[in-house]
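Next come the chains, spelled out residue by residue.
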Amino acid sequence: MEFSPKNLPLNEWLCKTYFSFLSSTITPFDLVQTATRLGYQSLCINDFDGVYGIARAYNDLNYIRTQEQSELKLNYGAEVHLQKDHSDPLLRQKTIVFNVLNTKGYQNLCKLISYTHRESKTEAYISLDKLMDFDLSGLFCIIPMRGALEYFLFHPSKLEALKSKLPTYLAVTKNFHQISDALIPKAYELAKRFDLPIIFSQDCFMLHRSDKSFHDVLLTIKNNNTLSENLTAFFPNGERSFHTKEQFWHIFKNFPKAQESFQHMFELNQQANFCLSSLKYQYPKEMIPAGYTPQSYLEDLSFKAAKERYNGHIPAKVVHSLTRELDLIEELNFADYFLTVWDIVDWARSQGILCQGRGSAANSAVCFVLGVTSCDPAVFDLLFERFISKERG
């Protein structure tokens, strides 16, 4: 596919929000709103040492979609420190980005982040050697054009080990500053030496160029000194901010193998298929006998218990109630919940502990036959929808 200013699918893979405390000026809402209005295909939030900003951005994007049309896709990740160098200038800190491809990758990222905080909340880190012990499946790595790039220039064996562990990309950023841009040829040299794909990034810490002064103040507060004492910590300009599609194209179109880099960015977005909406609580399966699903086990348990309750003959009214309730429980995928409550009640009574289901659960025939509640559906006209209904999910 040949890319041009008109058909360039803009995918930004390095974005920080103000959940990277005192390191970014961008709110999650402004981030997704700006990307939407600039016509970005996707953006990836990877705050420092945590997934703090992604839930807020996810909710904000859902809200924006109720107000205006948005085709923006959110991708997720985190930027992790390899050393305790959090007090160094941002451009010198040795950090690499792990972005999520699927649910397994998100699980592994959360495990990794939990380990990085083993000693400190404010100085989370993991050594490269220890990193090699982790399951990194479902993730890919991006090396920003900052401190980690310089680190790998002097420790090539570490980069080789990282590349062997998971897909690894180098991010090239154009800052229009002599010192920062001096890393661009070094990035290409490293990519050629280790056969690493290159992607382009704005490495966003600000929303607009005009936010540069605000960002300087944040960094000064973070370092607990004065503006004049903090000059070496500042970015040289406001280029680490969002650009229009036309500006992005103009900046990177003449870079070596630019079309190939645009293609990598496009393909990564296609491969990343994780969304926060896919996260659901997974009930333990230990109580489910072999050959059963949670739903089939609940149905079997309910009718067997009903036979015991009614001395072998279940009234037609109760059969109707049980069937209707079990159908709705299956539709809403609530079988695990009922089994969990039954398991708790069953254990409590086996230990001589008094317990009783209460509230709207008393309207359930399933709860009655399982011994959770005491309102007999053969005697009372129960309204199950007071407890659970399709409308309330």
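Residues numbered from 1 in each chain as written. Predicted model: local features only at pLDDT ≥ 70, side-chain atom pairs only at ≥ 80, totals over all residues. Heavy atoms only, no water.

1. Some thoughts on the packing of helix 1 (residues 28-37) against helix 2 (residues 54-67)
How we decide: Every axis corresponds to a line fitted to the C-alpha atoms, with the helix fit spanning only the stretch in contact, and the corresponding angles, defined between N-to-C directions, vary from 0 to 180 degrees. Only DSSP runs of H or I reaching four residues or more are called helices, and only runs of E reaching two or more are called strands; each is numbered from the N terminus. For classification purposes, an angle smaller than 35 degrees is called roughly parallel, one larger than 145 roughly antiparallel, one from 65 to 115 roughly perpendicular, and anything else oblique. Here a crossing is called left-handed whenever its near helix is offset anticlockwise from the far helix by less than a right angle, and right-handed whenever the offset is clockwise. By the convention used here, residues are in contact when the closest approach between their heavy atoms is within 4.5 Å. We call Asp, Glu, Lys and Arg charged. Ala, Val, Leu, Ile, Met, Phe, Trp, Tyr, Cys and Pro are nonpolar, and the rest, Gly among them, are polar.
Their axes nearest at 8 Å, the elements helix 1 and helix 2 cross at an angle of 50°. Judged by the angle between their axes, helix 1 and helix 2 are oblique. For helix 1 against helix 2, the interelement crossing comes out right-handed. Packed against helix 1, whose contacting residues are Pro28, Phe29, Val32, Gln33 and Thr36, the element helix 2 presents Arg56, Ala57, Asp60, Leu61, Tyr63 and Ile64 at the interface. Of the residues contributing to the contact of helix 1 with helix 2, the split by class is seven nonpolar, two polar and two charged.

2. Points about the environment of arginine 309
Test applied: Pairs of N or O atoms within 3.5 Å make up the polar contacts considered here, provided that, within protein, one atom can donate a hydrogen while the other can accept it, and that residues adjacent in sequence are counted only when both atoms are side-chain atoms.
Here arginine 309 shows up in helix 12 (residues 294-309). Along the sequence, arginine 309 and leucine 370 sit 61 residues apart, while their C-alpha atoms lie 9.1 Å from each other. Those residues in contact with arginine 309, other than ones at most four positions away along the chain, are Phe368, Val369, Gly371 and Thr373. A distance of 2.9 Å separates a polar atom in the side chain of arginine 309 from the backbone oxygen of phenylalanine 368.

3. Quick word on the sheet that holds strand 4 (residues 95-100)
Formally: A pair of strands is considered paired only if DSSP assigns at least 2 bridges between the two.
Taken together, seven strands build an open sheet; the order of strands is 1-2-3-4-5-6-7 and the sheet is mixed. Unpaired on one side and paired on the other, strand 1 (11-15) and strand 7 (198-200) mark the two borders of the sheet. Neighbouring strand axes in the sheet, compared pairwise and without regard to direction, differ in orientation by 30° on average. In the sheet, strand 2 (residues 42-45) pairs with strand 3 (residues 73-81) via four bridges, with the strands oriented parallel. Bridge pairing in strand 3 links cysteine 44 to asparagine 75. Contacting strand 3, strand 4 and strand 5 (139-143), helix 3 (residues 103-116) crosses the sheet at an angle of about 150° to strand 4.

4. Observations regarding the nonpolar core
Definition in use: Definition used in this section: a nonpolar core is a set of buried Ala, Val, Leu, Ile, Met, Phe, Trp, Tyr and Cys residues joined via side-chain atoms within 4.5 Å. The classification of residues rests on relative accessible area computed with a 1.4 Å probe and restricted to protein chains. Under 20% of the type maximum is buried, over 50% is exposed, and intermediate values are partly exposed.
Of all hydrophobic cores here, the largest spans 82 residues; its most connected members are Ile96, Phe98, Ile143, Phe152, Phe200, Phe242 and Phe262. With seven residues, the top contributor of residues to this core is helix 8 (residues 183-194). Ignoring anything within four residues of it in the chain, the contact list for phenylalanine 152 reads Leu82, Ile96, Leu128, Ile143, Lys158, Leu159, Leu162 and Leu190. Counting residues in each nonpolar core, the second largest holds 29 residues, with Tyr297, Ala305, Leu322 and Val366 among its members.

5. What about the pattern of salt bridges?
Condition: What counts as a salt bridge is simple: a side-chain nitrogen of Lys or Arg found within 4 Å of a carboxyl oxygen of Asp or Glu.
All told, the structure shown has 15 salt bridges when counted by the stated rule. Among the salt bridges present, the one from aspartate 129 reaches lysine 158, with a minimum N-O distance of 2.9 Å. Placement of the pair is aspartate 129 in helix 4 (residues 128-131) and lysine 158 in helix 6 (residues 156-165), with a sequence separation of 29 residues. Looking at lysine 158, the relative accessible area reads 24%, which means it is partly exposed. The partner of lysine 304 in a salt bridge is aspartate 300, and the shortest N-O contact between them spans 3.1 Å. A residue pair is termed a helical-turn pair when its members lie 3 or 4 positions apart in one helix, as lysine 304 and aspartate 300 do in helix 12 at four residues. Owing to a relative accessible area of 25%, aspartate 300 belongs among the partly exposed residues under this scheme. Several salt bridges share partner residues, and in doing so they unite Lys16, Glu79, Arg146, Asp203 and Arg240 into one network.

6. Looking at the packing of aromatic side chains
Inclusion rule: For Phe, Tyr and Trp, where Trp contributes only its six-membered ring, two rings pair if their centres lie within 6.5 Å, and the inter-plane angle classes them as stacked under 30 degrees, edge-to-face over 60, or tilted in between. In our convention, an over-ring charge means Lys NZ or Arg CZ found within 6 Å of a ring centre and within 35 degrees of that ring's normal.
With the rule as written, the count across this model stands at 24 aromatic pairs. Their ring planes at 70° and their centres at 5.6 Å tell us that phenylalanine 200 and phenylalanine 255 sit as a pair that is edge-to-face. Of this pair, phenylalanine 200 sits in strand 7 while phenylalanine 255 sits in the loop between helix 10 (245-252) and helix 11 (258-271), placing them 55 residues apart in sequence. One aromatic cluster is present, built from ring pairs that chain together Phe3, Phe200, Phe248, Trp249, Phe252, Phe255, Phe262 and Phe266. Sitting above the plane of the phenylalanine 368 ring, arginine 309 keeps its charged end 4.1 Å from the centroid.

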